[in-house]
Amino acid sequence: MSDSAARDRDAAETESAFSHPPVAPDASAAYGSHPDQLIDFYAPRDGRTGAPVVVVLHGGSWRAPYDRQHVSPFADFLARRGFAVASVEYRRGSEIPQQRGSGPVAGRWPETFDDVAAALDALPALLARELPQADARRIVITGHSAGGQLALWAAARHVLPEGSPWRLPAPPQLRGVVALAPIADFATAVALDVCSGAVGQFLGREEDFDERAPHADPAVLLPTGIATTVVQGTTDVDVPQAVAEAFVDAAAKAGETVGLTLLPEVGHFPLIDPAADACAVVAEELAQLAW
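Residues numbered from 1 in each chain as written. Predicted model: local features only at pLDDT ≥ 70, side-chain atom pairs only at ≥ 80, totals over all residues. Heavy atoms only, no water.

Before going further, it helps to examine the nonpolar core. Ranked by size, the top nonpolar core spans 68 residues in total, and within it I39, F41, W62, L123, W153 and I183 carry the most contacts. For this core, the element with the most residues is helix α3 (residues 111-130), which contributes eight residues. If we ignore the near neighbours within four places in the chain, the residues touching L123 are I39, F41, V55, A86 and I139. Counting 30 residues, the second largest nonpolar core, distinct from the first, contains V140, L180, V266 and V282. (Core = buried A, V, L, I, M, F, W, Y, C linked by side-chain atoms within 4.5 Å. Buried < 20%, exposed > 50% of the residue type's maximum accessible area, 1.4 Å probe, protein only. Helix = DSSP H or I, 4+ residues; strand = E, 2+ residues; numbered from the N terminus. Contact = heavy atoms within 4.5 Å.)

What follows is the structure, encoded as structure tokens:
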């Protein structure tokens, strides 16, 4: 496929994914005092009890203009598949250079990680209050793009470096992780300039990058012992297949098997587009771990 054809396909896929109106949650709850420290809850549409929980971490290069609204149709899609869904908001980078200023554009250190850790820690109590029909013993995390990095990170908190404020003393109680086109290997993502330098902007200056990467890069936080699958489109121009393959290879070198589901002729956004066949594949991968 030519570069122009790939760009045209990517534009059409993006337009489709963002064409769905936002879906209001059944409930929302704060896990902190900041306005972005919120979780939206979607009850399983079939009214079942004992439904497994899917935690959704949205993407958007860790940048502020992209919030959880764009994955609300995806959350609703999963709720219609019988899952209870918890869609997490978190603090993100505050500026886009083309629009205003020259401040941080991707992520907030340490607030982005503070929020994901706090949200997951608060989740069991919030589920008991907001979605009592959910089974908090069966939790699967999924995340798209930058959210895929956060999902993998959330499952690796017990292998964070000693002294990390986010480190857990034992593995989190998760059925698994399904990472969707994740920014999962920082070295490869930097080499490919994924999302216009988002990784470097997230971790900061070069001296900060070297210090912070061991606390953030999923490819070095291995093995986790948590069942993990990566779903990746082969024609993704936003987070290319090479990033997912580098993470899977890193896991293998660490003695861990990570599943890799490659979807031919699929780009970045069909994975969270309820109108795309790829989204049904994602739901099936979640079901394989949740039930």
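Back to the text.
With that settled, the discussion passes to unusual backbone geometry. Residue P110 is bonded to the preceding W109 through a cis peptide linkage, with omega at 5°. Position of P110 among the secondary structure elements: in the loop between β4 (84-88) and α3. Residue P223 is reached from L222 by a cis peptide bond, and omega for that bond is -5°. Here P223 lies in the loop between α7 (206-212) and β7 (228-233). You will see that S61, though not glycine, has its phi angle at about 60°, which is positive. One can find S61 in the loop between β3 (51-57) and α2 (72-80). Of note, the phi angle at C195 is positive, near 55°, even though the residue is not glycine.

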